[in-house]
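Chain by chain, the residues run as shown.
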Amino acid sequence: MAQTWALRGLVACVPMLLILLAAECATSTNPVPAVVTIAGLVLLCFFFAYVFVVPDDFSLSATDRTLGIASKIFAYTRQGLTPEATLGACQLILPETLASSICITDGTKVLASWGEDSDKCPPGQPIVLDTTLRAIETKRMEAFAREMYDPGMKEYHFFKHLHAGIVAPLIVRDRCMGTFELYYSRYSDIDARQMALARGFAELISTQLASFELERQEEVSARMELRALQSQVDPHFLFNTIGTIVSLVRTEPEKARSLLIDFSNYYRQTLSNSETLTSLEKEVEQGIRYINLMQARYGEGRLRLSVDLDPETLDSRVPPFILQPLLENCIKHAMRETDPLSIALSSHETDDGVELVVEDDGIGMDEYTQRYLFDTKHLNNEANSGNGVDVSTSRRDACTTADGSLKRGGGLALSNVLMRIHFFFGEESGIRVSSRLGVGTRITVDLLGEPHEPEGTMLPSVQ
């Protein structure tokens, strides 16, 4: 609005001054009026530049500076309220204010402080300032003043030479996670701009903490799901394997002994820690143990496995428990009633990482099953629905196993494997599936880049 009125005034004044300058030059030999008119034109030009150019430059500079500070604060606080992160944020924010000192707490103790008297408020010191305790309780920003130093009052141990301050709560999901505090020499140093800065920086840190909290909860959820899946033991697989080994004890004791060792190692690996990466070589060994146990049950003529691994990939770090579910899927969902099933396992080194392939020559999947392969909710709803929807005979046949139960395309197992891949490698890595009905299925696992090894406290096993 100010720029609009300035432009209108300039449009009105400049022609009048030009007319006045021409009239003075034509009627008077005295140069003073002409000089005054020219000076007026120059002042108008400066006024125009100030109104239309300078504010834009100031605004652009301030915007760039604000974005730069926000980006640096995010870099510090992306891992939560750690003492190192909060100290870096304090050192970055203090020069942007008129405050003499800055402090960040976690609601119970000081995490970091910087500026005058900050050595008197080291990390770990309990909170005693009444304003801080009140801001935590009410979740509202407050300014305070203390006119004189009283050594007997505990709160004066906080920046005792600074007599005023602002305390802003750090709110995440309606819960106070701590406080952001600025301290000043005099209460008169606190104005609307300082209050706005305190509120803005507190909200900025709160937003980043909310993002960190969400990521942390997703990681915890993924770990819990991982352990829950890991703790599940298929009773049919357990009883069938034990029964197979028992039947071989008298006729083929050496084979029974070898299977018993595979069985023991298989479950030892399955029930081990799932939060640490393993080597591809060990993951393949676990898959081969599973196939050995299945061959003992079905017969080597009914189930065949070929392995072709690139030696360069054997030491690659991969998520645990991703290969065996894929092999199990082949046997459960691809094996025909009487014909043998061949499974080919291979690995290759790519420009971006490692490619792991599991391919079978089983019954395959139709396009409908492939479309909803990772949508277990959709397939379960279809299987359990009583709405009378007719499923075509060809699709029903394609989605049934040898015992007549609905074949859901292994969606649950694939979804769990995909969850582990994303947990360790990120969203860019994943699973590609191609299948032809009656021909077979090819599952390709793409592990791109370097894996992320989770940090933090180990979670208790799910019972």
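Remember, predicted model here, so these are calculated numbers, not experimental data.

**Some remarks on the packing of aromatic side chains**
And step 1. Inspection of every chain in the model, using the stated rule, returns four aromatic pairs.
And step 2. Ring geometry for F180 against F201: centres 6.2 Å apart, planes inclined by 45°, an arrangement best described as tilted. Placement of the pair is F180 in strand β5 (residues 175-184) and F201 in helix α6 (residues 192-231), with a sequence separation of 21 residues.
And step 3. Accessibility expressed as a relative area gives 0% for F180, which makes it buried.

**Section: the sheet that holds strand β9 (residues 341-349)**
And step 1. The strand order across the open sheet built from five strands is β7-β9-β10-β12-β11, with neighbouring strands paired in mixed fashion. Whereas interior strands pair on both sides, the edge strands pair on one side only; in this sheet they are β7 (303-309) and β11 (430-436). Recorded for the sheet is a direction-independent mean angle of 10° between the axes of neighbouring strands.
And step 2. Its contacts with the sheet place helix α9 (residues 280-298) against β7, β9 and β10 (353-360), and it is angled at close to 165° to β7.

**Concerning the sheet that holds strand β2 (residues 110-115)**
And step 1. If you trace the five strands from one edge of the open sheet to the other, you get β2-β1-β5-β4-β3, paired in antiparallel fashion. Of all strands in the sheet, those bounded by a partner on one side alone are β2 and β3 (142-145). The average undirected angle you get between the axes of adjacent strands in this sheet is 15°.
And step 2. Sheet topology places strand β1 (residues 101-105) next to β5; five bridges connect them, and they run antiparallel. Paired with I102 across the bridge in β5 is L182.
And step 3. Helix α4 (residues 83-93) rests against β1, β2 and β5 of the sheet, and its axis sits at about 30° to β2.

**With respect to the nonpolar core**
The nonpolar side chains of a soluble globular protein tend to be buried with one another.
And step 1. One finds F237, Y290, I331, I343, V358 and I431 to be the most contacted residues of the largest nonpolar core, which totals 44 residues.
And step 2. If you list the elements that add at least two residues to this core, you get α7 (235-251), α8 (253-270), α9, α10 (323-334), β9, β10, α14 (411-425) and β12 (440-448).
And step 3. Setting aside chain neighbours within four positions, we find F237 in contact with F263, Y266, Y267, Y290, L293 and M294.
And step 4. By size, the runner-up hydrophobic cluster in this structure holds 27 residues, among which are A112, M141, L170 and F201.

**Section: the pairing of β2**
And step 1. The pairing of β1 with β2 spans five bridges and is antiparallel. Bridge pairing links T105 to V110 in β2.
And step 2. The antiparallel hairpin formed by β1 and β2 contains four residues in its connecting segment, where G107 sits at a positive phi of about 100°.

Calculation rules
- Residues numbered from 1 in each chain as written.
- Predicted model: local features only at pLDDT ≥ 70, side-chain atom pairs only at ≥ 80, totals over all residues.
- Heavy atoms only, no water.
- Phe/Tyr/Trp six-rings, centres within 6.5 Å; stacked < 30°, edge-to-face > 60°.
- Helix = DSSP H or I, 4+ residues; strand = E, 2+ residues; numbered from the N terminus.
- Buried < 20%, exposed > 50% of the residue type's maximum accessible area, 1.4 Å probe, protein only.
- Pairing = 2+ DSSP bridges.
- Axes fitted to C-alpha atoms, helices over the stretch in contact; angles between N-to-C directions.
- Contact = heavy atoms within 4.5 Å.
- Core = buried A, V, L, I, M, F, W, Y, C linked by side-chain atoms within 4.5 Å.

No statement about biological role is implied by the geometric values presented.
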